[in-house]
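Given next are the chains, with one letter for each unit.
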Amino acid sequence: MEIRLCDNIVRFRKSKGYTQEELAKKLNISSQAVSKWENAQSLPDIALLPALAGILETDIDTLMGYIPKKKMVTPYEDRYNAKEYYWGTMPNEMCMEVLRRYYPTRPLRLLEVGCGEGKDAVFFARNGYQVTAFDVTESGIEKARRLADIHQADIDFFRADLRDFRLDEDFDIIYSSGVFHHILPELRDEIMENYRSHTAPGGMHAVNVFVEKPFIPEPPDSDLCSRNWASGELFTCYKDWMIEECREVIFDCNSSGIPHKHCMDTVFARKMPDRKGE
């Protein structure tokens, strides 16, 4: 999945509830012009970009799918530049749980949100899932693609910031580990609703989040652009789904070379068909 201007115009337009005709009217252009943009048959005039971004309530860089290299979005950009794989190449234990709960006896589309250097995405692809994965770090995506090449795994990797990116297609499984603390509190409802609404019926979310605890010190490699979740907050996002398992654990970590602890909530939740009215 490559983020292109045409894709972003469609995504942002739909997220605002505008038809092509309504967007065209706001820009004083024809609906045919908008249609051509969205089908990659033409590009908006550069003079229209500020107004287009404003109407869609985004910025030009995001609309263009461009994340400036000089903008340090996360310290992991530098950490992933090392030759070694920062998290290693063995898959997270959650991957085996996904495999056990939703084995791909038929083609299953799996999205990994925040894939880092790609170890979990590669595991899923090697086990028969149709994998799409994104991360905000350019260095992480480059290493993920190299790892996939080594294992001859076919994966659609792309670069995006989960705070800006929204889904416009459905997946059977949405998986994310150690990433959702980058979703700031004011964005959580919107992003989680976007992920839920783009999960196929019978589909699953396998997600964990770091949890704030007053008795656990801040880790030495914490990211200033992140916020831990409240204990149990993640589980409430799935109040209308079947929660197959939810748990909270405190564990030791040495990711920065300095021993420390984390508290983490994990959920496996299934989107069941809506039986209301039957």
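Residues numbered from 1 in each chain as written. Predicted model: local features only at pLDDT ≥ 70, side-chain atom pairs only at ≥ 80, totals over all residues. Heavy atoms only, no water.

Colleague: What am I meant to see in the sheet that holds strand S6 (residues 242-253) here?
Modeller: Within a beta sheet, neighbouring strands are joined by backbone hydrogen bonds and run either parallel or antiparallel to one another. Strand order in the open sheet formed by 7 strands is S3-S2-S1-S4-S5-S7-S6, with mixed pairing between adjacent strands. Each edge of the open sheet is held by one strand with a lone partner, namely strand S3 (155-159) and S6. With direction set aside, neighbouring strand axes in the sheet form an average angle of 15°. As judged from the 11 bridges shared by S6 and strand S7 (residues 260-270), these two strands associate in the antiparallel manner. Across the sheet, glutamate 245 pairs through a bridge with phenylalanine 268, a residue of S7. Packed onto the sheet, helix H9 (residues 138-150) meets strand S2 (130-135) and S3 and runs at close to 165° relative to S3. Helix H10 (residues 185-197) rests against strand S1 (109-113), S2, strand S4 (171-176) and strand S5 (199-210) of the sheet, and its axis sits at about 145° to S5. (Pairing = 2+ DSSP bridges. Helix = DSSP H or I, 4+ residues; strand = E, 2+ residues; numbered from the N terminus. Axes fitted to C-alpha atoms, helices over the stretch in contact; angles between N-to-C directions. Contact = heavy atoms within 4.5 Å.)

Colleague: So what exactly am I meant to see when it comes to the packing of helix H2 (residues 20-27) against helix H3 (residues 31-38) here?
Modeller: The angle between the axes and the distance between the axes are what describe a pair of packed helices. Running from N to C, H2 and H3 cross one another at 115°; their axes reach a closest spacing of 8 Å. Judged by the inter-axis angle, H2 sits roughly perpendicular to H3. As for how H2 packs across H3, the hand of that crossing is right-handed. Packed against H2, whose contacting residues are Gln20, Glu21, Leu23, Ala24 and Leu27, the element H3 presents Ser31, Val34, Ser35, Trp37 and Glu38 at the interface. (Parallel < 35°, antiparallel > 145°, perpendicular 65-115°, else oblique. Left-handed = near helix turned anticlockwise from the far one by under 90°.)

Colleague: Is there a simple way to explain the layout of surface pockets in this structure?
Modeller: Here the idea is plain: a probe the size of a water molecule rolls over the atoms and shows the empty space left. By volume, the second largest pocket is sized at about 370 Å³. Looking at the second largest pocket, it is lined by 18 residues, and the ones nearest its centre are Arg196, Cys237, Lys239, Asp240 and Trp241. At the level of elements, H10 and helix H11 (233-236) are the ones that each hand at least two residues to the lining of the second largest pocket. The element contributing the most residues to the lining of the second largest pocket is H10, with 6 residues. Among the residues forming the lining of the second largest pocket, the class breakdown is 7 nonpolar, 1 polar and 10 charged. (1 Å grid on protein atoms, 1.4 Å probe; cavity = no way out; pocket = protein on both sides within 12 Å on 5 of 7 lines; lining within 4 Å. Points joined across faces, edges and corners; volume = space filled by probe spheres on them. Nonpolar A, V, L, I, M, F, W, Y, C, P; charged D, E, K, R; others polar.)

Colleague: Would you mind showing me how to read unusual backbone geometry here?
Modeller: Here asparagine 28, not a glycine, exhibits a phi torsion of approximately 60°, which is positive. Note on placement: asparagine 28 falls in the loop between H2 and H3.

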